[in-house]
Every structure is written in structure tokens, then in C-alpha cells.
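# Overview (structure and organization)
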Amino acid sequence: MRYYIEQAVSSPSPGLRIIERHQDGSETVIWYLQTQHSHLILQEVQGEHLLLGDWDGKFSRFHIPSQSLTHTQQLTGKVSIGAVLSRGGFTIMVTMNNENDYNIPTLVRLDCNNLSILSDFRLPFELNDEDDEEDEDSELDTDDDEEFEPQIDCYTLDVYRPTEPIAGQLWLYACNTNSNWENATAHEFYRLDLLAQQESLLPLPGVGNANNDLCMPALNLTANLGVMLSWEAAPVIAQSAEHNGEQAIQLQLELFDIELCEVIRKLPLRTYSFEQLQQRSVDIDVLQEGPEEDAEQYFEELADLYEELKEMRWQKDKLLLTFEDQSLLLDINGHAELFTAASKAANSHPDIKRSYLPEAILAEQLAGCHPIKTDDIPQAMQQMLALCKDVGSASYGDLFSFALVDSAGNKVEPTPFYQQAVQQHAEFMQEMVANYCDYLDTTRLKNNLWEGDYCTGSLCHVVYALASTGDVTKLPLINRFVSFIDTDHESFVRDDLLPKLAVVFDENLPLVQNIRGWYEDDWEDDWQEE
């Protein structure tokens, strides 16, 4: 593969380095992309194209050599959404709870070339709908006389993490304990064979996860083996050698035969000393009593510890277990070895020489802020106004910010710059703020965006300069701007703008009192002192 990606940051939006491999083994970061996506559920390189999808249902396709956006698609599933690139590389299979269809699990297939919707239908297609009339227009034709047993509740499907372990087959984990541990029932994998137009259930032994954030069972279809979290009583070790003879509790996995749906043996996952459990605020008494005393409470305490296991997957005939603080390789006999940075390097290409294009370095340093050269103030005003007229395209996550620089690339402080600009370009600055407020009013549901420090609301310095003129005709716009401010988290308006208003305006003016009202509780005493 010529290109690959790595995520550099997750805030204000996912920032990606696009890296090109060279024949001599070196590599170059050719592009830094501050995406306009939320949490990414899909990030795949396909030839010369980059495919991205997020948990707000937004999908994007970029052409890497030209560093350009080619296609987008917006679906109706938010947060409850997962996606996987098909093994053939022709489609993206998106599973989601469809907001326009009573949040019923739905499969949407996107064309990788243009992100157009190829098909969409409810899941499970037939297993839940034996009483419904047959959908003659569906892609999946079923036999009227065929019976599907057992039935499955569609709302137990884990649409967050679709997998394609076999080409042409979509698998979703279905856990019936997500809502109630007391009446726990069997868990399974729902399998949809898109080629054969058939669906089936793969039953699993034991009890499933009560939390969608926990690792779902990992399957090794070649070896007919699976591994899952154990919810049975965790062994108490009276004197743990790992913890210098202290008492400890050992979490376990269950190794099972997929075909027979039978547990073969328990495998050690991780041992926690009583001191470590206390540090994590885990109720040791509940763990010692096991599930027989209070099953629901026991499972909740155990789930808190299992959350530290971030990934569980097969690596050939061993399991790679990734925790928050370490990684382990575990064989099927229970022998574990620490998977360190050194062992990772032994399986990769050490000492890879990496270089950066200057444009990629600058883009990563800016991290979504728009560079504005201040030497030519009228041109700078025009550039900022154009961005304010299209805030939706110019913002990254909750960030909408200008990085003011001079011709040499040095940082320019915003307050003196805007104080100078407002003398001749006040109308430009008012139009900037008005367009920004229009965006908040119609799109952002009255939540302000932020400067890079996340303590200052976007355009606060512009509004401060407008306020400093003492022109009462600007008060309606200032009042509108302040009405959008998150008063619990934003500090510039509270610490700088409000005191400035107290100095340059008569506090008895109705609009001044109205602006003050947004901060009435916090600033009544301070305003009187001013």
C-alpha cells in the first residue's frame, strides 16, 4: 500500500497524517488533514483515496494526490452507528439505528467510488418479521415456508461494531443482557450472507456483555475457537506472587468451541490486587461474594474492570489483549507474555526514516485554525468575512478560530490588531459577527464555537473591539452575540468584555442591562464595583 494514515489528535476534530511510503523504505508525511468529522468509525485508504466516516453519520471521500474532497454522504444514524469497508473494496457497509425509522437497526450499503446509497434495509431482515407481509421489492428474497429459529430481538444488535470475518458476510454481535442482568439470556452473532441472501444466528455459550463498550467475543474461525469475557465467579488468590503475596482477584476469559458452542477452559486475563481494586473504587466484597449473592451488582463491578480491556483480537494462534496501560500476548493454554514496544518493533520495520512536507507541518501546527496575514488589513478583513459567511465549512468540531500572523509568520496579538482594524473596518467586523450569529441561531442550536484555547468564544476579540468604540448602535449585535455564549465555560466575555462594557457604556441603558443579565448571578457584585 502506497499510502497509510495515522491519527494525530482527536480534538477539536480528528486530525490525520497521510503518509506516503517510498521504495527505499523511507516515508513522507505529505498531508495533514484536520477533518470536519466527529469521532471516526471508519478510516480507510483505498488506492489513492481516503474514506472517512463518523458517528454522526457523515462520510467523506478524498483524493490523496490532489488533497481534495471528492464526495460526501450524510446518513440519519448518530452515535449508534458502525461501518466496515467490504473485503472486495467496492462498498462500505454501514449499520445504524435509523432515526427516521423508530431507531430500528438498518444496513446501508454505500458505493466506495461516490458514496451513493446502493441499498438499505432493516436488520434482521426476516428473523423478526415473520408476521409482517413479505416485502416484494427487497433485495433479500426469502422462502415463505421457511422458518427462522430462534427469533432475535432487533434492539439487541450491536450496530456499533460490524465485522466481515468472511467475504460477503456481515456479522453483528447480539447481546440480550444489555438492559437487564437479572434476566440474562443467551448471546449470539447475527450473520447476514449478502451473496447467498441468507441470514442465520451463531449461538455462543454463557452470558453476554451488559455494556456495548466492552470487548465482544473474538472468533478464530480457522481454528474453530472463540474467546469471551467470563461473568462467572472470579477466583480470589490468597497470596498472589504477581503482587508480592497480597490478596488478589483474577479476571478470566472463556475459551470455547464455536461449532459445539461449549466452553473448553478458562484463561487468565488479568490479576488485580485488593489495593488496586480499592484505588479503582471497586467493591471488593461484592467481587468476593460472586454472582450468587447479587448478580446484577456483581456484573456491574466486573464490567468496570473489563472496561480497561480496550481490544481483544486473535493474532494467528494467540490473543492480543490491549489494556489502557499494557498489551499482552496470550496463548490458548493460558501462558502470557508482555507485548512491549520492543516486540512490536521486532515485527515491523525499525528505524524507518520519516520526513514531513512543510505544508503538512504548518497544517498540523495550525490544527484547524485559519491563518490570516495581518499586514494588509483590508485583505485580512475580506478573508475573515468570507470564512464567517460559511462557518459550517470553516469550523472543525467546536473550533472556529483565526491565527493572526505577520508576513514573517510571527504571531500577532488579536486585541491590538482588532483595535486598529475597527477604526476603519467596523462594518466588516459587524458583518462577520452577524453571519457567525446567524449560523449559531440556525445550525448550532445557540451554542457558541471556540477559539483554540477553549476558554474564549469564537470572535470574542472582534466583539471586544466593537464594544470598545462606545457606539450604542453596536449594542444589539453585542447582545445577540453574548446570548449564545456558554456562560459556564467561557471566560473572555466574563473577564474582559463585561468589564469593558461597564466602562464605555451607561449601565442604565436597557441593552447594557440585558447583556449584563446573561451573567446576572455571577457578576452582579463585580459590575457594581466597576
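Description of the structure in this document. Small disclaimer: the values here were computed from a predicted structure and weren't measured. Counting restarts for each chain, with residues numbered from 1 along the sequence as it is written. Local features in this predicted model are restricted to residues whose pLDDT is 70 or higher, and side-chain atom pairs enter the listing and the counts only when it is 80 or higher, whereas totals over whole chains, interfaces and linings include all residues. The side-chain figures draw on all heavy atoms in the structure; neither hydrogens nor water molecules are used.

With that out of the way, let us pick up the pairing of strand S26 (residues 402-405). Under the scheme applied here, a residue whose accessible area is under 20% of the maximum for its type counts as buried, over 50% as exposed, and between as partly exposed, the area being computed with a 1.4 Å probe on protein chains only. Secondary structure follows DSSP: runs of H or I at least 4 residues long count as helices, runs of E at least 2 residues long count as strands, and numbering of each begins at the N terminus. Neither face of S26 is exposed, since Phe-402 and Leu-404 on one face and Ala-403 and Val-405 on the opposite face are all buried. Pairing between two strands is assigned when DSSP locates at least 2 bridges connecting them. Of the strand pairs in this sheet, strand S25 (residues 370-373) and S26 are connected by four bridges, and their pairing is parallel. Among the inter-strand pairings, Pro-371 is bridged to a residue of S26, identified as Ala-403.

Right, let's get into unusual backbone geometry. A cis amide bond links Ser-11 to the next residue, Pro-12, at an omega of 10°. Checked against the element boundaries, Pro-12 lands in the loop between strand S1 (3-9) and strand S2 (15-21). The omega torsion of the bond from Leu-123 to Pro-124 falls at -15°, within 30 degrees of zero and hence cis. With respect to the secondary-structure elements, Pro-124 resides in the loop between strand S11 (117-122) and strand S12 (169-174). One non-glycine residue with positive phi stands out, namely Leu-459, at about 65°.

The subject of this paragraph is helix H12 (residues 510-517). Regarding H12, the residues found buried are Val-512, Ile-515 and Arg-516. Looking straight down H12, one finds its buried side chains confined to an arc of 100°; they lie on one side. Of all possible arcs, the one meant is that of the directions from the helix axis to the C-beta atoms.

Okay, a nonpolar patch on the surface next. Residues enter patches when they are more than 30% accessible in relative terms and free of salt bridges; like-charged ones are connected within 9 Å and nonpolar ones (Val, Leu, Ile, Met, Phe, Trp, Tyr) within 5 Å. All accessible areas in this document rest on Shrake-Rupley with a 1.4 Å probe, and a residue is counted as covered only by the protein chains that are shown. Should a side-chain nitrogen of Lys or Arg be within 4 Å of a carboxyl oxygen of Asp or Glu, the pair is scored as a salt bridge. A contiguous nonpolar surface patch, about 260 Å² in accessible area, is contributed by Trp-55, Val-79 and Tyr-160. Relative to the assigned elements, Val-79 resides in the loop between strand S7 (68-74) and strand S8 (81-85).

This brings us to the sheet that holds S12. Pairing within the open sheet is antiparallel, and its three strands lie in the order S12-S13-S14. Each end of this open sheet is capped by a strand with a single partner; those strands are S12 and strand S14 (198-203). Between one strand and the next, the sheet's axes are offset by a mean angle of 20°, whatever the strand orientation. Lines are fitted to the C-alpha atoms to define the axes, a helix being fitted only along its stretch in contact, and any angle between axes, read from their N-to-C directions, falls within 0 to 180 degrees.

What follows concerns the pattern of salt bridges. Summed over the entire model, instances satisfying the criterion amount to 20 salt bridges. Ionic pairing is found between Glu-27 and Arg-354, a salt bridge with its closest N-O pair at 2.8 Å. Of this pair, Glu-27 sits in strand S3 (residues 27-34) while Arg-354 sits in strand S24 (residues 354-356), and the two are 327 residues apart along the sequence. For the salt bridge of Arg-480 with Asp-438, the shortest nitrogen-to-oxygen distance reads 2.8 Å. Highlighted residues: Arg-480 in helix H10 (residues 475-483) and Asp-438 in helix H8 (residues 414-442), separated in sequence by 42 residues. Judged by its relative accessible area of 35%, Asp-438 falls in the partly exposed class.

Relative to the helices and strands, Glu-242 resides in the loop between strand S17 (236-240) and strand S18 (246-257). Looking at Glu-242, the relative accessible area reads 55%, which means it is exposed. Along the sequence, Glu-242 and Thr-271 sit 29 residues apart, while their C-alpha atoms lie 8.0 Å from each other.

Let us look at the environment of Leu-404. Here Leu-404 lies in strand S26. Along the backbone, Leu-404 and Pro-414 are ten residues apart, and their C-alpha atoms lie at a distance of 7.0 Å. Residues count as neighbours in contact if any of their non-hydrogen atoms are within 4.5 Å of one another. The residues touching Leu-404, leaving out its near neighbours within four places in the chain, are Ile-372, Thr-374, Asn-410, Lys-411, Val-412, Pro-414, Phe-417 and Tyr-418.

In an α-helix, one turn spans 3.6 residues; hence positions three or four apart end up facing the same way. Here, expected helix span is obtained from the residue count minus one, scaled by 1.5 Å. Its twelve residues give helix H3 (residues 295-306) an end-to-end C-alpha distance of 16 Å, which sits within 8% of 16 Å, the value for a rise of 1.5 Å per residue. Every buried residue of H3 is listed here: Tyr-298, Phe-299, Glu-301, Leu-302, Ala-303, Leu-305 and Tyr-306. Packing partners of the buried residues in H3 comprise strand S16 (225-229), S18, strand S19 (262-273), helix H1 (274-279), helix H2 (284-289) and strand S20 (309-315).

Functional significance is not addressed by these values, which are geometric in nature.
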